[in-house]
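# Survey of secondary and tertiary structure
The lines below spell out each chain.
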Amino acid sequence: MSGIVLPRRQLIARAGGLAAAAGVLPLLSGCDAINDAPAVRKILSMGEEMSRASQRALIDRGALAREFGRADLSPYFRPNGTRLPAGADYAAHVASGFADWRVRVTGLVARPLSLSMADIRAMPQRTQITRHDCVEGWSAIGGWTGVQLSHILAAAGVSESARHIVFRCADRLGDALYYESCDMVDARHPQTIMAWALNGAVLPIANGAPLRLRIERQLGYKHAKYVNAIEAVASLDSIGAGKGGYWEDRIDYEWYAGI
Amino acid sequence: MAEAETPVAPERPGPVRVYRHRLPTRIWHWINAATLLILLMSGLMIFNAHPRLYWGEYGANFDRAWLVIGSTPDSGYLRIGDYRIETTGVLGRWTDAQGAVQTWAFPGWATIPTRYSLADGRRWHLLFAWMLSIGLTLYMSWALLGGHLRKDLHVRRAEWSPRHIWQDVKDHARLRFPRGEAAARYGILQKLSYVGVIFVALPLMIATGLTMSPGMNAAWPWLLDVFGGRQSARSIHFITAWALVAFFLVHIAMMLLAGPVNEIRSMITGWFRLPPEKQA
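Residues numbered from 1 in each chain as written. Chains lettered and ligands numbered in written order. Predicted model: local features only at pLDDT ≥ 70, side-chain atom pairs only at ≥ 80, totals over all residues.

## Let's talk about the overall build of chain A
In plain terms, the rule: Secondary structure elements are taken from DSSP: a helix is a run of H or I of four residues or more, a strand is a run of E of two residues or more, and numbering for both begins at the N terminus. Each residue is classified by how many other C-beta atoms fall within 10 Å of its C-beta atom, where C-beta atoms are placed from the backbone; a count of 20 or more means buried, 12 or fewer means exposed, and values in between mean partly exposed. Each residue gets a C-beta atom placed from its backbone, and two residues are in contact if those atoms lie within 7 Å.
The number of helices and strands found in chain A is eight helices and ten strands. Looking at chain A as a whole, 41% of its 259 residues are labelled buried. Long-range pairs, those at least 24 residues apart, make up 68% of the contacts in chain A between residues at least 6 apart in sequence.

Okay, here's the thing in structure tokens:
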């Protein structure tokens, strides 16, 4: 039964050609033009605002993300994004076991701080086994130990006028350093911690050593890794391109990533 | 099929017209058709970001996936369990409009936008998810309060009889559609599929979608228990989406076979021309 039967691949290629001839492809690029139109971008962003406002209204400020037991841990916690920050600076920190790493706490605070990893480990600690949800769709369960961000903010005397907390990172992606931000509801949430340990061991480099954010009610890209500065601000307008995060600025990921 | 309860007026000139679809049904039908198309195509874009499905709470690249759309250096494939199908040209490995080979799971003609953009796929999906949720809530309320459910979609006791259902299956298979007065009412298969879509599949899409939201998990952790974890919810979301596609294909086929002009006109104007009874 060979001979006249076209191989499937060839058939599919012909079908594709026919579709193009029928004007499907110009139609598709028309769809992308709609996608890119500024007015459409504005309408599309309404979805984020509706999700943020309704989740903030619906979810108790202190409602906790589910915590799991050790039996539920992912066998391997998949790292994502930067796995090893480039540059001699970071390499030197790795070589010295992050002995000279400092986390500066600045902005709208009464007492700016410069915390060493020893300072951070000396603060009250919280351990939580939670599920990490990447924006791509996968999930991994890991156990995190660190200090509650609210504790650091209280130690620095964060001002009432602070509306957002900005997290600055040591990893450079393309042309800029990674950064993220959250509002004060998430900043003061009991499960929002600056973590230095994963599954009972010191945080691996690929997972953000020496210190990373855990912000459990939002997606993975909000969980800034390699954090070296925490800044309290009244507005995000003058930070980066003003959208509150590295990916938000570049490819229009939602700033509110609770969904 | 079921006998007509009231005989059609005899010798009426021209076709008998019945007011079949009320305004809320017509409006919701078309808004929902567009909304579901956008949700499907933007959803396939989101799937492309991680074309693997799992059961349970967690699941990432190092965990066993029950469904994978992937590529090798010269082919694309779909794997379900241990069963692998070559899908080169359509899934996993295909050629885009510019002639470049791409290895995203679903091809550009099936996604919004056509080029890879998880961010934009999410923007479309999460805005039109609101459209679906609000529209469905309003339509369900209207169907319950306005009598649509009771009068048109409610399955009568006699219709539940296996013989009656089997008869309707046979009639559909033989493309023997009801004529005359019987055509003014929904058959049992129609009722079951419309009720299934409105009250089961679409709410299931919304519920499993919300179960994937880390924010909603904190608000309603019981969602995770209902669906057996976030990754299970994602799998059910995907399966139900294709069940809706299957409904759509049958729906379109039935519309074409039953008379597309009359069917589409009735969903625009509300008025349906009853196919005349066959003269014995």
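## Structural notes on the overall build of chain B
When its secondary structure is counted, chain B shows nine helices and eight strands. Counting only C-alpha atoms, chain B reaches 70 × 45 × 35 Å along its principal axes. Pairs at least 24 apart in sequence give 61% of the contacts found in chain B among residues at least 6 apart.

## Focus on the interface of chain A and chain B
Every contact between the two is made by 47 residues of chain A and, on the other side, 42 residues of chain B. Those elements giving two or more residues to the side of chain A that touches chain B turn out to be α1 (8–21), α2 (24–36), α3 (38–58), β3 (125–133) and β4 (139–148) of chain A.

## A short note on the sheet that holds strand β5 (residues 83–86) of chain B
Strand pairing within a sheet occurs via backbone hydrogen bonds; the two strands may be parallel or antiparallel. Residue and element names in this part refer to chain B. Put simply, the test is: A pair of strands is considered paired only if DSSP assigns at least 2 bridges between the two.
One open sheet accounts for four strands, arranged β2-β3-β4-β5; its pairing is antiparallel. Of all the strands in the sheet, the pair left with one neighbour each is β2 (52–53) and β5. As judged from the four bridges shared by strand β4 (residues 75–80) and β5, these two strands associate in the antiparallel manner. Each residue of the ladder has a partner; that of I80, found in β5, is Y83.

## Brief notes about unusual backbone geometry
Following A209 of chain A, the chain continues to P210 of chain A via a peptide bond in cis, the omega torsion being 5°. Along the chain, P210 of chain A falls in the loop between β8 (201–202) and β9 (212–214). Phi is positive for D252 of chain A, which is not a glycine, with a value near 70°. Within the secondary structure layout, D252 of chain A lies in the segment after α8 (246–251). At L175 of chain B, a residue that is not glycine, the phi angle is positive and equals roughly 55°. Structurally, L175 of chain B can be placed in the loop between α4 (162–173) and α5 (188–211). Residue classification places L175 of chain B among the exposed positions, given that 10 C-beta atoms sit within 10 Å.

## Regarding the sheet that holds strand β6 (residues 176–183) of chain A
All names here are of chain A. Just so we agree on the cut-off: Here, axes are lines fitted to C-alpha atoms. For helices the fit covers the stretch in contact, and angles between N-to-C directions go from 0 to 180 degrees.
Taken together, the five strands give an open sheet; going across it, the order is β2-β1-β10-β5-β6, and neighbouring strands pair in mixed fashion. The open sheet is flanked by β2 (113–116) and β6, the only strands paired with a single partner. Recorded for the sheet is a direction-independent mean angle of 20° between the axes of neighbouring strands. Pairing geometry for strand β1 (residues 102–107) and β2, over four bridges, is antiparallel.

## Some remarks on helix α2 (residues 118–145) of chain B
Turn by turn, an α-helix covers 3.6 residues, leaving residues three or four places apart pointing in a common direction. Just so we agree on the cut-off: To estimate the expected span of a helix, subtract one from its residue number and multiply by 1.5 Å.
In this model α2 of chain B runs 40 Å from its N-terminal to its C-terminal C-alpha over 28 residues, within 8% of the 40 Å that 1.5 Å per residue would give. Taken from the residues just after α2 of chain B, G147 of chain B is the one with a positive phi, measuring 95°.

## Observations regarding the packing of helix α1 (residues 23–49) of chain B against helix α8 (residues 230–258) of chain B
Residue and element names in this part refer to chain B. Inclusion rule: Here the angle decides the label: under 35 degrees means roughly parallel, over 145 means roughly antiparallel, 65 to 115 means roughly perpendicular, and every other value means oblique. By the definition used in this description, the sense in which the near helix is turned from the far one sets the handedness, with an anticlockwise turn below a right angle giving left-handed and a clockwise turn giving right-handed. Only Asp, Glu, Lys and Arg are considered charged, only Ala, Val, Leu, Ile, Met, Phe, Trp, Tyr, Cys and Pro nonpolar, and every remaining residue, Gly among them, polar.
Interaxial distance between α1 and α8 falls to 11 Å at its minimum, and their mutual angle equals 140°. One element, α1, and the other, α8, form an angle in the oblique class. Read as a crossing pair, α1 and α8 show a hand that is left-handed. For the pair α1 and α8, contact is made by L36, L40, G43 and F47 and by F238, A241, L244 and V245, respectively. Taken together, the residues of the contact of α1 with α8 break down into seven nonpolar, one polar and no charged.

## Some remarks on the nonpolar core
Applied cut-off: Residues enter a nonpolar core if they are buried, belong to Ala, Val, Leu, Ile, Met, Phe, Trp, Tyr or Cys, and are joined to the set through C-beta atoms within 7 Å.
Judged by nonpolar contacts, the single largest core of 54 residues is most densely connected at I120, I152, F167, C169, M194 and V227 of chain A. The contact partners of C169 of chain A, leaving out residues within four places of it in the chain, are L177, Y178, Y179, A224, K225, Y226, V227 and N228 of chain A. Counting residues in each nonpolar core, the second largest holds 29 residues, with L36, L126, L136 and A143 of chain B among its members.

## As for the packing of α3 of chain A against α2 of chain B
In the contact formed by α3 of chain A and α2 of chain B, the axes pass within 8 Å of each other and the chain directions differ by 65°. Our pair here, α3 of chain A against α2 of chain B, has a crossing hand that is left-handed. Taken together, the residues of α2 of chain B that come into contact with α3 of chain A (itself represented by L44, M46, G47, M50 and S51 of chain A) are R123, W124, L126, L127 and W130 of chain B. Partitioning the contact of α3 of chain A with α2 of chain B into residue classes produces seven nonpolar, two polar and one charged.

## Examining the confidence of the model for chain A
Spelled out, the test is: Scored from 0 to 100, pLDDT reflects the predictor's confidence in each residue.
For chain A, per-residue confidence averages 92 on the pLDDT scale, and 89% of positions sit at 70 or higher. Low pLDDT (under 50) marks residues 1–6 of chain A, which in the prediction has one contact with non-local residues, meaning those over four places away or in another chain.

## Overview of the environment of A183 of chain B
All names here are of chain B. Relative to the assigned elements, A183 resides in the loop between α4 and α5. Note on A183: 24 C-beta atoms within 10 Å, which makes it buried. As for A183 and A241, which are separated by 58 residues in sequence, their C-alpha atoms are 30 Å apart. The residues touching A183, leaving out its near neighbours within four places in the chain, are F177, P178, L274 and P275.

## Describing the environment of A197 of chain A
Residues and elements named next belong to chain A. By the element assignment, A197 lies in strand β7 (residues 193–198). Residues A197 and A209, twelve residues apart in the sequence, show an inter-C-alpha distance of 8.5 Å. Those residues within four positions of A197 in sequence are excluded, and the remaining contacts are W144, T145, V202 and L203.

## Quick notes on the environment of V227 of chain A
Residue and element names in this part refer to chain A. Counting through the fold element by element, V227 comes out in strand β10 (residues 227–233). V227 gets classed as buried once you count the C-beta atoms within 10 Å, which come to 24. Linking V227 and G143, residues 84 residues apart in sequence, is a C-alpha distance of 19 Å.

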